[in-house]
Amino acid sequence: MLDGKHYINGEWLSSGDGVIEVKNPATGELFGTVPNGGKDEATRAVEAAAAAFPEWSRKTVYERSALLMKWHDLLLEQKEEIGRILTMEMGKPLSEAIGEVEYSASFVHWFAEEAKRMYGRTIPASKEGKRIQVNKQPVGVVASITPWNFPAAMIARKIAPALATGCTFVAKPAKLTPLTAVKMVELAEQAGFPKGVINLVTGSASAIGEVFTTHPDIRKLTFTGSTEIGKELMKQSSERMLNLSLELGGHAPIIVLEDADLDLAVAGTMASKFRNAGQTCVCGNRIYVQESILDEFTEKLAQAAGKLKVGNGLDEGVEIGPLVDQGGYEKVDQHVRDAVDKGAKIVVGGEGKAENGSYFYNPTVLSGASSDMLVMNEETFGPVAPVMPFKTDEEAVKLANDTRFGLAAYFFTESMSRGTYLAENLEYGIVGWNDGAPSTAQAPFGGMKESGIGREGGQEGLEAFLETKYISIQV
Ligand code: SIN
């Protein structure tokens, strides 16, 4: 049993209204607890971060970077242990969980380096004796709310740039998966960050979220989660004009043109669709295939999906773990039933098993999908791949863009001109061209439309934690 705690001003604390039980979605077993903190804990954490800010922000970027690099090294040294915790609390296969820890560490590495380049500039003035300087400075105390599907990476990609620029931080991990974050913060403490620079509070999302959106010391809120909660946080924080980064829901199209390398298209679709059992904001949700290759593509995809090994993520060779909870399972099953009622055919999968607190759904490929089906209109967040035919490139773009979401889109073609047309006309923040796995620390990750505001990763991910100050000097 793991006994997680809050980390506030350099101390491990267990105050709050009882505890939150953390259960393994592969077995239903209880394997840890964290305190059910609320307003008091969040307020103390924000105050600790505010007190630590002046000294932390005055350190040189080289000092901050050195600490981040120590944290990075510890994360990699302990990636197996963190990976095990991650698998046990959210279900993804151990190899994927360890991969997620490596992915997390890559953000820490990238931002430790990139912060050395947070340059300002001087601008030639139009009047004699004037000097125009533009400086960059950290926004201040940052709060984060992160989701259960990437319990390590989503925190790392927010904390690392914030600390690198000189901000201090209060993190609130998801209720279902807080123990990975607790372990990561333990390692940050070992790396030697001064007290108050990183704080972690577990517990009630509404009580803690309210402090994050209303406390006068908070200068930025960075959130990954559903569009609905993102809108709620935006409303709550409008009174304070809070600086927001919102990485919200997706509903990614995958378009396969007739000239695609089919094996590459199937491999890319598998990588995008079935990573984390389809519980990924950027994963392909609906697949549009050009008519002439529809049957061949669907058959190959179904063959590959049918081979995936489903089971407890700690078991050798498992590629698809459980869905995270009952609600997740029911949504996936509802999407499949709705599609079948409206005329789709199950080519492979199409059912699951939810019993005694474990929620497995078999990788599913549906043919004959149509635009009136739930699965073609909403994020499924599960291992379901609906395939629908299209005739022309223009039609594919129209279908792909016909949504309020705009996070990620994918397409497969060997044609430079057709690919350029798609890349330029898809209304998405991330586009994978012959690539089902575009996420990386060096690139800006984020969405258009109702998929969010701001970018994480890359130079843009650093900029998100900086204020721009213009200094006009008369000499
Ligand atoms: C997400 O689901 O939001 C994160 C996935 C990624 O970083 O690729």
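In this report, we go over the structure that sits alongside the text. (Residues numbered from 1 in each chain as written. Predicted model: local features only at pLDDT ≥ 70, side-chain atom pairs only at ≥ 80, totals over all residues. Heavy atoms only, no water.)

1. What about unusual backbone geometry?
Backbone phi values are negative for most residues with the exception of glycine, while trans is the configuration of most peptide bonds.
Turning to step 1, where the next piece is worked out: The phi dihedral of Asn276 is positive, around 55 degrees, even though this residue is not glycine.
Turning to step 2, where the next piece is worked out: Within the secondary structure, Asn276 sits in the loop between helix H9 (262-274) and strand S14 (284-290).
Turning to step 3, where the next piece is worked out: Non-glycine residue Ala277 carries a positive phi angle of around 55 degrees.
Turning to step 4, where the next piece is worked out: With respect to the helices and strands, Ala277 occurs in the loop between H9 and S14. (Helix = DSSP H or I, 4+ residues; strand = E, 2+ residues; numbered from the N terminus.)

2. Considering the site of the ligand
Turning to step 1, where the next piece is worked out: Around the ligand, the neighbouring residues are Tyr103, Asn149, Phe150, Met154, Arg157, Glu247, Arg275, Thr280, Cys281, Val282, Ser439 and Phe445.
Turning to step 2, where the next piece is worked out: Within the side chain of Glu247, a nitrogen or oxygen atom sits 3.0 Å from an oxygen atom of the ligand.
Turning to step 3, where the next piece is worked out: A distance of 2.5 Å separates an oxygen atom of the ligand from a polar side-chain atom of Ser439.
Turning to step 4, where the next piece is worked out: Protein coverage of the free-state accessible area of the ligand, which is 260 Å², stands at 100%. (Near = heavy atom within 4 Å. Polar contact = N/O pair within 3.5 Å; in protein donor to acceptor, adjacent residues only side chain to side chain. Areas by Shrake-Rupley, 256 points an atom, 1.4 Å probe, with all protein chains shown as cover.)

3. A word on the packing of helix H12 (residues 393-401) against helix H13 (residues 416-425)
Turning to step 1, where the next piece is worked out: Packing of H12 against H13 brings their axes to within 10 Å, and their N-to-C directions diverge by 25 degrees. Regarding the angle of H12 to H13, the classification is roughly parallel. In the packing of H12 onto H13, the handedness of the crossing is right-handed. Between H12 and H13, the contacting residues are Asp393, Glu394, Val397 and Asn401 on the first element and Arg418, Tyr421, Leu422 and Asn425 on the second.
Turning to step 2, where the next piece is worked out: Of the residues belonging to the contact of H12 with H13, the class tally is three nonpolar, two polar and three charged. (Axes fitted to C-alpha atoms, helices over the stretch in contact; angles between N-to-C directions. Parallel < 35°, antiparallel > 145°, perpendicular 65-115°, else oblique. Left-handed = near helix turned anticlockwise from the far one by under 90°. Contact = heavy atoms within 4.5 Å. Nonpolar A, V, L, I, M, F, W, Y, C, P; charged D, E, K, R; others polar.)

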